[in-house]
Amino acid sequence: FNASYSKQWRDKKKFAMRALREFGTNRKTADEKILTEIKALQDKINSYKQDAIELKGIFQQVTANITASIMFNTNFKLDDQGLKELAGIIENWYNCFGAYWMKKTPIPLPRWLHDIYFRESFNKFVEGNCKLRNYIFDQIQYHKETFDPNSLRDFIDVYLAKRNTEEMGKSFADTMMVFFPDSIDSINVFMRWIILYVTTYPEVQKKIQAEIDIQIGTSNMVLCTLFIYTLHGWSSVGCLACAAQIK
């Protein structure tokens with residue numbers, strides 16, 4: 001909401017997308033990271049057996065772990081306390097974002113109304129934002145100290161190899177904040193939408209599984225692609241998004 005969308009902002013966005021393509025997305029390394037997390041997720045869910053399970057927290061940890069491995073080359077186990085703390089910071093950040101947006105919105109609100117409904121959440125958002133930025137700054141500093149141009153480990157190393165290290169400050173932290181926490185929470189929400197729809201429509205689940213068994217590893221997964229695109233139209237991953245009707 002507060003982005004300037006200036007030329008500098010657009011250039012950094014383009015560079016970030018190129019860096020992600022070089023390390024992570026559309027690469028075998030990213031596939032391996034995701035498959036590892038899927039196996040850990042399956043084991044975690046199976047451990048509950050017939051007991052009720054709350055998927056939000058588990059999915060939050062899985063998506064945070066995959067993103068952190070691409071960004072920072074960190075690999076947590078699902079029960080790791082550090083991963084739980086990171087996922088908790090991200091969840092609290094997102095839960096309190098509404099209060100931040102209401103304070104920054106151009107719609108004028110009486111101060112007493114803000115104090116009653118939004119002050120506590122806004123303060124929590126500011127606190128969570130500081131914790132998240134400190135985490136990112138610590139990772140950037142560690143990468144500066146251990147950087148090896150002949151062995152790029154993650155997104156930060158790609159950035160260090162292509163850009164001036166003096167630029168690795170607030171502006172780069174802002175770039176990292178695009179992935180933490182918004183993308184993590186969005187993927188978490190979308191994963192739960194997928195679980196809801198495949199359990200509601202088991203016949204669709206069978207067709208998708210049949211296509212996966214035959215076409216996995218190819219570019220002919222038409223039904224799976226259509227299913228994902230359709231869910232994006234049916235289901236909202238953000239409180240400000242509008243649902244679409246599919247005909």
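Predicted model only: the values in this text are computed from it and were never measured.

Each value, and the rule that gives it
- Residues numbered from 1 in each chain as written.
- Predicted model: local features only at pLDDT ≥ 70, side-chain atom pairs only at ≥ 80, totals over all residues.
- Heavy atoms only, no water.
- Helix = DSSP H or I, 4+ residues; strand = E, 2+ residues; numbered from the N terminus.
- Buried < 20%, exposed > 50% of the residue type's maximum accessible area, 1.4 Å probe, protein only.
- Contact = heavy atoms within 4.5 Å.
- Areas by Shrake-Rupley, 256 points an atom, 1.4 Å probe, with all protein chains shown as cover.
- Core = buried A, V, L, I, M, F, W, Y, C linked by side-chain atoms within 4.5 Å.
- Expected span 1.5 Å × (residues − 1).
- Polar contact = N/O pair within 3.5 Å; in protein donor to acceptor, adjacent residues only side chain to side chain.
- Patch = residues over 30% accessible without salt bridge, like charges linked within 9 Å, V, L, I, M, F, W, Y side chains within 5 Å.
- Salt bridge = Lys/Arg side-chain N within 4 Å of Asp/Glu carboxyl O.
- pLDDT = per-residue confidence, 0-100.
- Axes fitted to C-alpha atoms, helices over the stretch in contact; angles between N-to-C directions.
- Parallel < 35°, antiparallel > 145°, perpendicular 65-115°, else oblique.
- Left-handed = near helix turned anticlockwise from the far one by under 90°.
- Nonpolar A, V, L, I, M, F, W, Y, C, P; charged D, E, K, R; others polar.

Observations concerning the overall build of the chain
Line of reasoning, step 1. Scanning the chain from terminus to terminus reveals eleven helices and zero strands.
Line of reasoning, step 2. The order of helices and strands in the chain, counted from the N terminus, is α-α-α-α-α-α-α-α-α-α-α.
Line of reasoning, step 3. Counting only residues that meet the buried cut, the chain has 34% of its 247 residues in that class.
Line of reasoning, step 4. If you take every contact in the chain between residues at least 6 apart in sequence, the share linking residues at least 24 apart comes to 64%.
Line of reasoning, step 5. For the chain, the computed accessible surface area is about 15700 Å², with 56% contributed by carbon and sulfur atoms.

A look at the nonpolar core
Line of reasoning, step 1. With 34 residues, the main nonpolar core has F72, M176 and F180 as its most contacted residues.
Line of reasoning, step 2. No other element matches helix α3 (residues 55-72), which puts ten residues into this core.
Line of reasoning, step 3. Not counting chain neighbours up to four residues away, the residues in contact with M176 comprise M71, F72, I136, F155 and I156.

Re helix α7 (residues 119-146)
Since there are 3.6 residues in each turn of an α-helix, residues three or four apart along the chain are aligned in direction.
Line of reasoning, step 1. In a regular helix each residue adds 1.5 Å, so 28 residues correspond to 40 Å; α7 covers 41 Å between its end C-alpha atoms and thus fits that length.
Line of reasoning, step 2. When we look at burial in α7, the residues that qualify are F122, F125, G128, N129, L132, R133, I136, Q139, I140 and H143.

Notes on the environment of V158
Line of reasoning, step 1. Locating V158 in the fold gives a position in helix α8 (residues 155-162).
Line of reasoning, step 2. Exposure remark for V158: the relative accessible area of 3% places this residue in the buried category.
Line of reasoning, step 3. For the pair V158 and M71, spaced 87 residues apart in sequence, the C-alpha to C-alpha distance is 9.8 Å.

Some thoughts on α3
Line of reasoning, step 1. For α3, built from 18 residues, the straight-helix expectation of 26 Å at 1.5 Å per residue is met to within 8% by its first-to-last C-alpha distance of 25 Å.
Line of reasoning, step 2. Across the 18 residues of α3, 16 count as buried, placing the element largely inside the fold.
Line of reasoning, step 3. Between the side-chain oxygen of the N-cap and the backbone nitrogen of K56 there are 3.1 Å, and the N-cap of α3 in question is E54.
Line of reasoning, step 4. One or two steps after α3, the chain reaches N73, where phi turns positive at roughly 60°.

Comments concerning a nonpolar patch on the surface
Line of reasoning, step 1. Taken together, the side chains of I34, L35 and I38 make up a nonpolar region of the molecular surface, amounting to roughly 260 Å² of accessible area.
Line of reasoning, step 2. Summarising the element assignment, I38 is placed in helix α2 (residues 28-46).

Here's the deal with the side chain of D154
Line of reasoning, step 1. As for its placement among the helices and strands, D154 is situated in the loop between α7 and α8.
Line of reasoning, step 2. Within the structure, D154 has its side chain in polar contact with the backbone nitrogen of N73 (distance 3.3 Å).
Line of reasoning, step 3. Within the structure, the side chain of D154 is placed 3.3 Å from the backbone nitrogen of I156, a separation counted as a polar contact.

A short note on the environment of L132
Line of reasoning, step 1. With respect to the helices and strands, L132 occurs in helix α7.
Line of reasoning, step 2. Separated by 39 residues in sequence, L132 and W93 place their C-alpha atoms 8.7 Å apart.

Here's the deal with the confidence of the model for the chain
Line of reasoning, step 1. Taken residue by residue, the chain gives an average pLDDT of 76. The fraction at 70 or more is 73%.
Line of reasoning, step 2. Helix α10 (residues 202-215) holds the highest mean pLDDT among the elements of the chain, 87, whereas helix α6 (residues 111-117) holds the lowest, 62.

Quick notes on the pattern of salt bridges
Opposite charge on two side chains permits pairing when their charged atoms draw close.
Line of reasoning, step 1. Under the counting rule described, the total for this entry stands at three salt bridges.
Line of reasoning, step 2. Linking K39 and D43 is a salt bridge whose minimum nitrogen-to-oxygen distance equals 2.9 Å. With K39 and D43 both in helix α2 and four residues apart, the pair spans about one turn of that helix.
Line of reasoning, step 3. Take D43: its relative accessible area is 40%, and that puts it in the partly exposed class.

Some remarks on the packing of helix α4 (residues 81-95) against α7
Line of reasoning, step 1. It is the contact of α4 with α7, at a shortest axis distance of 9 Å, that shows an interaxial angle of 140°. Here α4 is positioned oblique relative to α7, judged by the angle of their axes. Read as a crossing pair, α4 and α7 show a hand that is left-handed. Taken together, the residues of α7 that come into contact with α4 (itself represented by L86, I89, I90 and W93) are F125, G128, N129, K131, L132 and Y135.
Line of reasoning, step 2. Looking at the contact of α4 with α7 residue by residue, the classes come out as seven nonpolar, two polar and one charged.

Describing the side chain of T63
Line of reasoning, step 1. Structurally, T63 can be placed in helix α3.
Line of reasoning, step 2. For T63, a relative accessible area of 4% puts it in the buried group.
Line of reasoning, step 3. Not counting residues within four places of it along the chain, the set of residues in contact with T63 comprises I184, I187, N188 and M191.

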